[in-house]
Amino acid sequence: MKKYSKLIIAAIIALIFIGTFVFLWQKSQPKETVYNEFTPKLDSIQKTTIITGKIEPRNEVNVKPQISGIISELYKEPGQYVQQGEVIAKVKVIPDMSQLSSAEMRVRLAEINLKQAQTDFEREENLYNQKLVSADEYDKSKQQLNQAKHEKMAAQDALEVVRDGVSKSNAKASSTLIRSTISGVILDIPVKVGNSVILSNTFNDGTTIATVANMNDLIFRGNIDETEVGQLVSGMPMKITIGALQDLNFEANLEYISPKAVESNGANQFEIKAAVKLTEGGKIRSGYSANAEIVLSKVDKALCIPESAIEFSGDSTFVHIVKGEGKEKTYERTYVETGLSDGVNIEIKKGITAKDKVRGPEIITDEDTKE
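Each chain has its residues counted from 1, following the order in which its sequence is written. Only residues with pLDDT of at least 70 are given local features in this predicted model, and only at 80 or more are side-chain atom pairs given and counted; all residues enter the totals for whole chains, interfaces and linings. Each side-chain value is derived from all of the structure's non-hydrogen atoms; neither hydrogens nor water enter the calculation.

Enquirer: Can you break down the packing of aromatic side chains residue by residue, with the values?
Expert: Classification of ring pairs rests on two measures: the distance between centres of Phe, Tyr or Trp rings, Trp counted by its six-membered ring, which must be within 6.5 Å, and the angle between planes, read as stacked under 30 degrees, edge-to-face over 60 and tilted in between. Summed over the entire model, instances satisfying the criterion amount to 1 aromatic pair. With centroids separated by 5.9 Å and ring planes inclined at 75°, the aromatic side chains of Phe-318 and Tyr-335 adopt a geometry described as edge-to-face. Note that Phe-318 is positioned in strand S17 (residues 316-323) and Tyr-335 in strand S18 (residues 330-341), a separation of 17 residues in sequence. In this arrangement the basic side chain of Lys-273 is found over the ring face of Tyr-256, its NZ or CZ atom lying 5.1 Å from the centre. Lying over the aromatic face of Tyr-331, Arg-359 brings its terminal NZ or CZ to 5.1 Å of the ring centre. Per the convention used, a helix needs a DSSP run of H or I reaching at least four residues, while a strand needs a run of E reaching at least two, with both numbered from the N terminus. Lysine and arginine charges are scored as sitting over a ring when NZ or CZ, respectively, is within 6 Å of the ring centre and within 35 degrees of the ring normal.

Here it is as structure tokens:
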């Protein structure tokens, strides 16, 4: 019994040894290299670039007060549409004390002059009626009285403007009423009732009461790299995609390319602007982030192959044309002249025809990956 057990164990060891030897021998044998193969085809090929930017109104106006004071009332809210000249807010004037004193002094002086002119006129009129003075003297006295009356009215208007911001004679054109200078949508009202505001002058830009823009005339604004800006021309069509609106697309036309670069993250960028063509019902808000796709160059009916099949050697390009079939298959290295590439496919101008078959990259199997 022990004899048979020893024979069985010996047989198992022998099988393991033979199996290991066969496995190692098979592994040591060179494997056949298998390649992808492509047939050139006629297709359109184009080179595009994507520009990131945002959507903005072409005309965005900051409405500022014509007088300093405090916001007493707001009649509009952001998002509302206003016509040119429509009142947005009202300002309560806080008069400057020195100006107020000067205006009051002017009124008092005008009243004194008016009383004196009235007295002189009555005296001249009495003498004229007695024919003791000439008509010329009488007319001069009457003219001086009229001038004094007008001066009193002007001084009173000036006082009302300084004190109240509006006078009775120009109530319709009151500077205390802040009116929109254009027709459009109110984008923002950065002030609240009670806020102090100042008018624009030499030393500051003034307080912005509201920002108004025409949202029917929008532009795309973005930056393009200096390596691609040379391929752009005004009028080129663009495709605008707004991701926030479920990839809503709009057509646009390039209308401005900046003549001067600005540095951004170490690279020179050129600003571009494109007029956006809005579709009916397309509601866009100012400041939406967007991507613009521009076709820089395009070739129709080009003979093209995958760029992975190209062998680059210095400034030259080659492909390997498949010759024969089965075990007799060979690959002939052939020079080709390439053209436009879109990063996946590349145009072949010379070197091969649509009847040729081209070798591609080696096929990698799962076993090769494990090794």
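The discussion continues.
Enquirer: So what about the sheet that holds strand S8 (residues 184-188)? Which residues, and what values?
Expert: Strands sit in the order S3-S10-S8-S5 across an open sheet of 4 strands; the sheet is antiparallel. Each edge of the sheet is formed by a strand with only one pairing partner; in this case those strands are strand S3 (60-63) and strand S5 (81-82). A strand pair is defined by DSSP finding two or more bridges across the two strands. By the bridge criterion, 3 bridges tie S8 to strand S10 (residues 210-213) in an arrangement that is antiparallel. What sits directly across from Ile-186, in S10, is Val-212.

Enquirer: Before we move on, could you go through a nonpolar patch on the surface and cite the residues and values that matter?
Expert: In this analysis, a patch consists of residues with relative accessible area above 30% that form no salt bridge, clustered at 9 Å for like charges and at 5 Å for the nonpolar side chains Val, Leu, Ile, Met, Phe, Trp and Tyr. Here the Shrake-Rupley method, with its probe set to 1.4 Å, supplies the accessible areas, and only the displayed protein chains count as covering residues. By definition here, a salt bridge exists when the distance from a side-chain nitrogen of Lys or Arg to a carboxyl oxygen of Asp or Glu is within 4 Å. Among the surface-exposed residues, Ile-8, Ile-12 and Ile-16 lie close enough to one another that they form a single nonpolar patch of about 300 Å² accessible area. Mapped onto the elements of the fold, Ile-8 is located in helix H1 (residues 2-28).

Enquirer: Describe in detail the pairing of strand S19 (residues 345-350), supporting the description with residues and values.
Expert: Direction of pairing for strand S15 (residues 289-306) relative to S19: antiparallel, over a ladder of 3 bridges. Note that in S19 the partner of Pro-306 across the bridge is Asn-345. Relative to S19, S18 runs antiparallel, the two sharing 3 bridges. Note on S19: the bridge partner recorded for Ser-341 is Ile-346. Between S18 and S19, which follow one another and run antiparallel, lie 3 residues, and Gly-343 among them has a positive phi close to 95°.

Enquirer: Which residues make up the environment of Ile-348, and what are the values?
Expert: Residue position: Ile-348 is located in strand S19. The rule is simple: take the accessible area with a 1.4 Å probe, protein chains only, and divide by the maximum for that residue type; under 20% is buried, over 50% is exposed, in between is partly exposed. Residue classification places Ile-348 among the buried residues on the basis of a relative accessible area of 5%. The spacing of Ile-348 and Glu-337 is 11 residues in sequence and 5.9 Å in space, taken between C-alpha atoms. Contacts are residue-level and defined by heavy atoms, with any inter-residue pair within 4.5 Å sufficient. Sequence-distant contacts of Ile-348, that is, excluding residues within four places in its chain, are made with Leu-303, Cys-304, Ile-305, Ile-310, Val-336, Glu-337 and Thr-338.

Enquirer: How would you explain the side chain of Glu-124 if you had to name every residue and give the values?
Expert: Mapped onto the fold, Glu-124 is located in helix H2 (residues 97-129). Charged residues are defined narrowly, with Lys and Arg counted positive, Asp and Glu counted negative, and His plus the chain ends left uncounted. Notably, Glu-124 is buried but unbridged: the nearest opposite-charge side chain belongs to Arg-123, and the N-O separation is 5.9 Å. When neighbours within four sequence positions are excluded, Glu-124 is seen to be in contact with Val-133, Glu-137, Tyr-138 and Ser-141.

Enquirer: Let's hear about the nonpolar core: which residues, and what values?
Expert: Of all hydrophobic cores here, the largest spans 26 residues; its most connected members are Ile-55, Phe-220, Leu-232, Met-238, Ile-240, Ile-272 and Ile-294. The set of elements that each furnish at least two residues to this core consists of strand S2 (41-57), strand S11 (218-225), strand S12 (237-242), strand S13 (248-264), strand S14 (267-277) and S15. Setting aside anything within four residues of it in sequence, one finds Leu-232 in contact with Ile-224, Leu-254, Ile-257, Ile-272, Ile-294 and Leu-296. By nonpolar core we mean a set of buried residues, namely Ala, Val, Leu, Ile, Met, Phe, Trp, Tyr and Cys, connected to one another through side-chain atoms within 4.5 Å. Counting 16 residues, the second largest nonpolar core, distinct from the first, contains Ile-88, Ile-178, Val-197 and Ile-209.

Enquirer: Just give me the short version of the pattern of salt bridges, but keep the residues and values in it.
Expert: One side chain can pair with another of opposite charge once the charged atoms of both are near each other. One pass over the full model with this rule turns up 12 salt bridges. Between Lys-329 and Glu-37 there is a salt bridge, and its shortest N-O distance comes to 2.8 Å. With Lys-329 in the loop between S17 and S18 and Glu-37 in strand S1 (residues 35-38), the pair connects residues that are 292 residues apart, well separated along the chain. Relative accessible area serves as the criterion here: at 31%, Lys-329 is assigned to the partly exposed category. Relative accessible area serves as the criterion here: at 28%, Glu-37 is assigned to the partly exposed category. Linking Asp-136 and Lys-140 is a salt bridge whose minimum nitrogen-to-oxygen distance equals 3.8 Å. Pair noted here: Asp-136 and Lys-140 are both in helix H3 (residues 135-164), with a separation of 4 residues, about one helical turn. In the salt-bridge network here, residues are joined through shared partners; they are Glu-56, Arg-221 and Glu-271.

Enquirer: Describe in detail the environment of Val-233, supporting the description with residues and values.
Expert: Here Val-233 lies in the loop between helix H4 (226-229) and S12. Residues within four places of Val-233 in sequence aside, it is in contact with Leu-254 and Ile-257.

Enquirer: Please provide a residue-by-residue account of the side chain of Thr-334, values included.
Expert: Along the chain, the position of Thr-334 falls in strand S18. Relative accessible area serves as the criterion here: at 14%, Thr-334 is assigned to the buried category. Side-chain atoms alone can form a polar contact between residues adjacent in sequence; in general such a contact is a pair of N or O atoms within 3.5 Å, and within protein one must be able to donate a hydrogen while the other accepts it. Side-chain polar atoms of Thr-334 contact the backbone oxygen of Glu-332, separated by 3.3 Å. Those residues in contact with Thr-334, other than ones at most four positions away along the chain, are Thr-317, Phe-318, Val-319, Ile-321 and Gly-351.

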